[in-house]
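Residue-level structural notes
Now for the letters of each chain:
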Amino acid sequence: AGALSPAALHTALTQWLGVPVVDLRHLTPQPEALARVPATEAERESVLPLMVRDDTLVVAVPDPWDTRLLDELRFISQLRVLPVVALPGTLAGAVAQAYGQPALVMAATRGTPAQPRSLRDLAAELSAAADADTDVTGGVVSEADNTLVRLVNRLIADAIEQRASDIHIETADAPRPVRIRLRVDGDLVRWLDLPARYRYALVARLKIMADLDISEHRKPQDGKIDFARFGGPKVELRMVTVPTVHGLEDVVLRLLSGLKPMPLDEIGLAPRNLAALRSVMAKPYGLILICGPTGSGKTTTLHSVMRELNTEQRKIWTAEDPVEITQEGLRQVQMNARIGWTFAAAMRTFLRADPDVIMIGEMRDEETAKIAVEASLTGHLVMSTLHTNSAPESITRLLEIGIDPFTFSDSLLAILAQRLVRRLCKACRVAEPLEGRALETLAQQYLDDRRLARTFRRRARAPAAPPRPRLRGLRRQRLPRPAGPARADARRRRRARADPPPRPRRAAAGRPDRHARGDRGEQPVARPAPPARVRRRAAGVVALSGVPVRDQAAAASPSLLRSRRCATCSAGTARP
């Protein structure tokens, strides 16, 4: 024991692994290197920048195999990082001593802190490298290229600064460049073009950051990037790759920054809608839906509602995919379909966890919708979103996926349909007079809106029973009067409705004739039968009022009719 000191063991291990070992007691850090890493970062991570050689920064670190720390140092310094190991017990004191001389650092930077290179500068550097290569498609660029790594980090940082919601990276065949666009305030803005030789390396670098398979180009993949691992702010990016023609891939990154919920009064609802929403929020149970197209702010509105309901007296569970907005006090759950942790499974778990309010990120299937309706009927306030364009379409959508309309009608409290509208900046907006066609268009839109409002008000004041619709554009036409037996039959029905015949009386004496029947099918009476008249024609058979039912088939032929006449009928004027 004691034959090998910790310092000697540490030196032997690092040398065997090929990592340089330095003694910080005999080294003085260069001011230029100290300016590359802020003092707060150096103290927090216990790192000490020593020197800068060309585009490489030599840094003393406690663990040279910590990839997260090395990526963070690359992003901060915008240089390659060469890690070295300090002797045990010397790093903390050297950091405190080096950054305890602020005058030395400011003198090296001439009063200005080191700024990371802009995205345009990095793109120009890549373009210059591509122009130097005569064969555009022949150059092979590695995803670990220092300039490319810095460019990807700078691209994500610019998107965060511009408050973009998505980053679109679109690759194409050479010599067409790689196009990068940002979605800012709902519109796609062309942000940067890169040389075509970087199309594979750029996608591979993003796949590495999202822990995806860089060798798979035929199938789409999706993953997440924690930008804080690479030295950026605490922002999560949801990444999806889409295979395109010629073996290329497009990448779309959705920025999921840890935003805070907005107050309900500031989301832009009309006073009437805001009052109605607050009235249904106060109820202890029921179902509230918020609908709208993708990117219309449904999740933001839900979290604004949760912000007012989030009190010490309520237990609130949320099932989201992904968790975009975090709140203290909410029990937020991230969905993971790969392991079977879906919205329906989360709902079943929530119902056993004594909830007061349940928020579902989206109703996507029948099972989730049925559980939500059942939960709203059993004393829970349930809130969710639907991807429909209007409030009435939400009811139709739920009925289409198999929801029972009776239970659904009892649980539904309100449906809020919303859109995001672009507004002018209050600081830089300028008033301009309208002229010509723009003025006419605005006036016509105003008149149309007024006419539509009057129509709605008139319908609201109308009685419950709507008036019978009138057919316009059709000429009135007198229908032809029925002729022949049909005319007589119609006349007889009119007389019967106007003056119904009296009930026949049974004869006191005499045997009724079995052929005698009344015109309306009464029981036989002891009086002569009326003249045989044609009553109807059906399937080629003529039914006569003076012929028994069993003889109707024989009466279809005029010759048979004449041969079967009895003495009473022969005196009449029966015709086939």
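Our structure is the block above this text.
These lines cover the structure that appears in this document, whether it is placed above or below. Here the structure is a predicted model, which is why all the values come from computation and not from measurement.

**Some details on the pattern of salt bridges**
- For the coordinates displayed, the defined rule picks out 17 salt bridges.
- With its nearest N and O atoms 2.7 Å apart, the salt bridge here joins E170 to R179.
- Relative accessible area serves as the criterion here: at 29%, R179 is assigned to the partly exposed category.
- Put simply, R364 and E362 hold a salt bridge, and the shortest N to O gap is 3.1 Å.
- Judged by its relative accessible area of 18%, E362 is buried.

**Comments concerning the environment of A196**
- With respect to the helices and strands, the residue A196 is situated in the loop between strand 7 (187-194) and helix 9 (199-209).
- According to the relative accessible area criterion, A196 is buried, its value standing at 3%.

**Some remarks on the pairing of strand 6 (residues 178-184)**
- By the alternation rule, side chains of strand 6 split into V178, I180, L182 and V184, which are all buried, and R179, R181 and R183, of which none is buried.
- Pairing of strand 5 (residues 166-170) with strand 6 involves 5 bridges; the strand directions are antiparallel. Note that in strand 6 the partner of E170 across the bridge is R179.
- Examined bridge by bridge, strand 6 and strand 7 share 7 bridges and lie antiparallel to one another. From the neighbouring strand, I180 faces strand 7, where its bridge partner is L192.
- In sequence, strand 6 turns back onto strand 7 through a hairpin of 2 residues, with D185 there showing a positive phi of about 55°.

**Here's the deal with the side chain of T385**
- Inspection of the secondary structure puts T385 in strand 15 (residues 381-386).
- Within polar-contact distance, the side chain of T385 engages the backbone oxygen of G361 at 2.4 Å.
- Residues within four places of T385 in sequence aside, it is in contact with I290, K298, L302, I360, G361, E362 and M363.

**A look at helix 10 (residues 271-281)**
- Among all positions of helix 10, only L274, L277, V280 and M281 are buried. Mapping the buried residues of helix 10 onto a view down its axis gives an arc of 130°, with all of them on the same face. Facing away from the buried side of helix 10 by more than 90 degrees, the exposed set consists of P271 and R272.
- Of the surrounding elements, those touching the buried residues of helix 10 are strand 11 (286-291), helix 11 (298-309), strand 15 and strand 16 (412-417).

**Here's the deal with helix 12 (residues 343-351)**
- Turning to helix 12, its buried residues number three or more, namely F343, A344, A345, A346, M347 and F350.
- Those residues of helix 12 that are buried lie in contact with strand 12 (316-320), strand 13 (331-334), strand 14 (357-360) and helix 13 (366-377).

**Quick notes on the sheet that holds strand 14**
- Reading across from one edge, 13-12-14-15-11-16 is the order of the 6 strands in this open sheet, with parallel pairing throughout. Looking at which strands have only one partner, the edges of the open sheet turn out to be strand 13 and strand 16. Shown here is a sheet whose adjacent strand axes are inclined to one another by a mean of 15°, direction ignored.
- By the bridge criterion, 6 bridges tie strand 11 to strand 15 in an arrangement that is parallel. The residue of strand 15 that forms the bridge with C291 is L386.

**Some thoughts on the sheet that holds strand 2 (residues 48-53)**
- Spatially, 4 strands are ordered 1-4-3-2 in an open sheet, and the strand pairing comes out mixed. In this open sheet, the two edge strands, each paired with only one partner strand, are strand 1 (21-22) and strand 2.
- As defined by bridge partners, strand 3 (residues 56-61) adjoins strand 4 (residues 80-86) across 6 bridges and the pair is classed as parallel. Within strand 4, the position partnered with L57 by the bridge is V81.
- Helix 4 (residues 67-77) rests against strand 3 and strand 4 of the sheet, and its axis sits at about 130° to strand 4.
- Strand contacts of helix 5 (residues 91-98): strand 2, strand 3 and strand 4, with the helix running at about 70° to strand 2, the strand carrying the most contacts.

**Notes on the environment of D250**
- Within the secondary structure layout, D250 lies in strand 10 (residues 249-257).
- In this structure, the C-alpha to C-alpha distance between D250 and I169, residues 81 residues apart in sequence, is 5.8 Å.
- Ignoring sequence-local partners within four residues, the contact set of D250 consists of I169, E170, T171, V240, T241, V242 and T244.
- Only 3.2 Å separates the side chain of D250 from the backbone nitrogen of T171, close enough to count as a polar contact.

What counts and what doesn't
- Residues numbered from 1 in each chain as written.
- Predicted model: local features only at pLDDT ≥ 70, side-chain atom pairs only at ≥ 80, totals over all residues.
- Heavy atoms only, no water.
- Salt bridge = Lys/Arg side-chain N within 4 Å of Asp/Glu carboxyl O.
- Buried < 20%, exposed > 50% of the residue type's maximum accessible area, 1.4 Å probe, protein only.
- Helix = DSSP H or I, 4+ residues; strand = E, 2+ residues; numbered from the N terminus.
- Pairing = 2+ DSSP bridges.
- Polar contact = N/O pair within 3.5 Å; in protein donor to acceptor, adjacent residues only side chain to side chain.
- Contact = heavy atoms within 4.5 Å.
- Arc of directions from axis to C-beta.
- Axes fitted to C-alpha atoms, helices over the stretch in contact; angles between N-to-C directions.

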